[in-house]
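Summary of structural features
Residues per chain, in single letters:
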Amino acid sequence: MEAPAAPHDAGDLQLTVTSPEQMRELGRRLAKLLRAGDLLMLSGELGAGKTTLTRGLGEGLGVRGAVTSPTFVIARVHPSLGDGPPLVHVDAYRLSGDLDEMEDLDLDVSLPESVVVVEWGEGKVEELTEERLQVVIHRAVGDTTDEVRQVTVTGLGERWEPVDLSVLAA
C-alpha cells in the first residue's frame, strides 16, 4: 500500500501582529482570499488570538451573528448575509481526537459549501482535505501583557498554489 502523497506546501508567510485589532484586520484581509470549500486550521496557545482572527474572518465574509469562541458548543454556523459562503467555526479543544467525534460534526458535509475554520484541529481534521490553510499563532507565554503575535500562514495543496499570500501583509 502506497503512502498518500504529502500535500504540496504552497509557501509560508510570516507576519508580526501587535494588537487584537491588527489580528481582526488580518482576518478581514484573509476573508478576501477564501471561497466555499476552504478549510482553515488555526493553532496557537490559549489566548493567542485564534477567535479574534476568526471574528475578522466573519466580518470580511459578511456573516450573521457575533463570532465568539465555540468552546462549549463545539461548532457554530454563521450564515452569510449576502451571496457568500457561510462560516462554520469549530473549536476542537475539548474533543479527544477520536475520529468518531469529528465525524459527528459532519464537517465533510459542510465543507463544500462553507468556509470551515477549526481551532485546535491538528491531528483531527486533516483527513477532510489535503487542501487547507494552516495558521499558527505564537505569543509570549507566562506572566506577560505582550500583545505581539508571530503568525505563520501556510497554504497546502493545489488550491493554494496560485494564491499570493503576501497580500495579507498589506
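Moving on, we get to the overall build of the protein chain. In terms of regular secondary structure, the protein chain is built from four helices and seven strands. Its helices and strands taken in sequence order, the protein chain reads β-α-β-α-β-β-α-α-β-β-β from the N to the C terminus. A burial count over the protein chain gives 44% of its 170 residues as buried. About 8,700 Å² of surface is accessible on the protein chain, with carbon and sulfur atoms providing 51% of the total.

The next point concerns the confidence of the model for the protein chain. In regions of low pLDDT, the predicted coordinates are not meant to be interpreted in detail. In this model, the protein chain carries an average pLDDT of 82, and 76% of its residues clear a pLDDT of 70 or more. Looking over the protein chain, one finds the lowest element-wise mean pLDDT in helix α3 (residues 99–104), namely 53, and the highest in helix α1 (residues 20–31), namely 96. Scored below 50 in pLDDT, residues 1–8 shows nine contacts in the model against residues more than four places distant or in partner chains.

The next point concerns the pattern of salt bridges. Using the criterion set out here, one finds six salt bridges in the structure. The salt bridge involving E59 is made with R24; its shortest N-O contact spans 1.9 Å. Taken as a pair, E59 in helix α2 (residues 50–61) and R24 in helix α1 lie far apart in primary sequence, 35 residues in all. Exposure remark for E59: the relative accessible area of 35% places this residue in the partly exposed category.

About the criteria used
- Residues numbered from 1 in each chain as written.
- Predicted model: local features only at pLDDT ≥ 70, side-chain atom pairs only at ≥ 80, totals over all residues.
- Heavy atoms only, no water.
- Helix = DSSP H or I, 4+ residues; strand = E, 2+ residues; numbered from the N terminus.
- Buried < 20%, exposed > 50% of the residue type's maximum accessible area, 1.4 Å probe, protein only.
- Areas by Shrake-Rupley, 256 points an atom, 1.4 Å probe, with all protein chains shown as cover.
- pLDDT = per-residue confidence, 0-100.
- Contact = heavy atoms within 4.5 Å.
- Salt bridge = Lys/Arg side-chain N within 4 Å of Asp/Glu carboxyl O.

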